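An overview of the molecular structure
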Amino acid sequence: MFWVLAPARAVGFLLQQGLFGLYLGCSFAPNHKGMPIFGRDHGSDFLRRQVLTARNIRGGRINDFVLGGLNYQIEHHLFPSMPRPNLRRAQALVRAFCARNDIAYRETTLTGSYADVMRHLHAVGGPLRLELEY
């Protein structure tokens with residue numbers, strides 16, 4: 001960067017890229033980390049695969065704006081071309097369908113999702129911690 005940009009612009013560009021990467025990571029991680037992972041041979045149908053491997057983030061219109069609609073991850077995966085404003089309306093239909101068909105529909109707060117992520121990372125890191133103790 002410093003070869004093609006003035007030093008101040010290079011620093012600004014790198015800072016912007018770092019902050020944008022952090023923002024994207026904080027937007028994507030809460031929806032999938034710590035959720036079940038199905039192999040190709042699992043045999044679940046499309047709907048169950050999408051619903052059971054993701055979680056939605058509650059929080060109202062502020063979360064809708066900050067997370068860009070990714071807080072409706074389940075609906076986004078079921079209907080990837082659906083416009084963002086319609087995901088909120090589709091959520092009620094999907095949630096009701098899942099309840100009628102006994103499909104676990106996971107929804108939590110943003111802080112709750114980060115706590116789930118940290119618990120998952122702690123659990124999967126356990127074997128490594130035990131190995132390092134010896």
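Structure's up top.
Nothing here was measured: the structure is a model prediction, and the numbers come from that model.

Quick notes on the overall build of the protein chain
Counting its regular elements, the protein chain contains six helices and two strands. Mapped from its N terminus to its C terminus, the protein chain presents α and β elements in the order α-α-β-α-α-α-β-α. In summary, the protein chain has a C-alpha radius of gyration of 19 Å against a globular reference of 14 Å for 134 residues, an excess of more than 25%. Across its three principal directions, the C-alpha atoms of the protein chain cover 60 × 50 × 30 Å. Residue burial in the protein chain is summarised as follows: out of 134 residues, 30% are buried.

Comments concerning a nonpolar patch on the surface
A contiguous nonpolar surface patch, about 830 Å² in accessible area, is contributed by Met1, Phe2, Trp3, Val4, Val11, Phe13 and Leu14. Taking the relative accessible area as the measure of exposure, Val11 reaches 46% and is therefore partly exposed.

Structural notes on the pattern of salt bridges
Scanning the model with the defined rule gives six salt bridges in all. Notably, a salt bridge pairs Arg95 with Glu107, separated by 3.3 Å at the nearest N-O pair. One end of the pair, Arg95, is in helix H5 (residues 84-100); the other, Glu107, is in strand S2 (residues 107-108), with 12 residues separating them in the sequence. A salt bridge links Asp116 to Arg119; the shortest N-O distance between them is 2.5 Å. Pair noted here: Asp116 and Arg119 are both in helix H6 (residues 110-133), with a separation of three residues, about one helical turn. Exposure remark for Asp116: the relative accessible area of 12% places this residue in the buried category. The network of salt bridges with common partners includes Arg55, Arg106, Asp116 and Arg119.

A few points about the side chain of Gln50
Within the fold, Gln50 resides in helix H2 (residues 46-52). With a relative accessible area of 13%, Gln50 lands in the buried category. Not counting residues up to four positions away in its chain, the partners in contact with Gln50 are Ile74, His77 and Leu78.

What counts as what
Residues numbered from 1 in each chain as written. Predicted model: local features only at pLDDT ≥ 70, side-chain atom pairs only at ≥ 80, totals over all residues. Heavy atoms only, no water. Helix = DSSP H or I, 4+ residues; strand = E, 2+ residues; numbered from the N terminus. Rg over C-alpha atoms; globule rule 2.2 N^0.38 Å. Buried < 20%, exposed > 50% of the residue type's maximum accessible area, 1.4 Å probe, protein only. Patch = residues over 30% accessible without salt bridge, like charges linked within 9 Å, V, L, I, M, F, W, Y side chains within 5 Å. Areas by Shrake-Rupley, 256 points an atom, 1.4 Å probe, with all protein chains shown as cover. Salt bridge = Lys/Arg side-chain N within 4 Å of Asp/Glu carboxyl O. Contact = heavy atoms within 4.5 Å.

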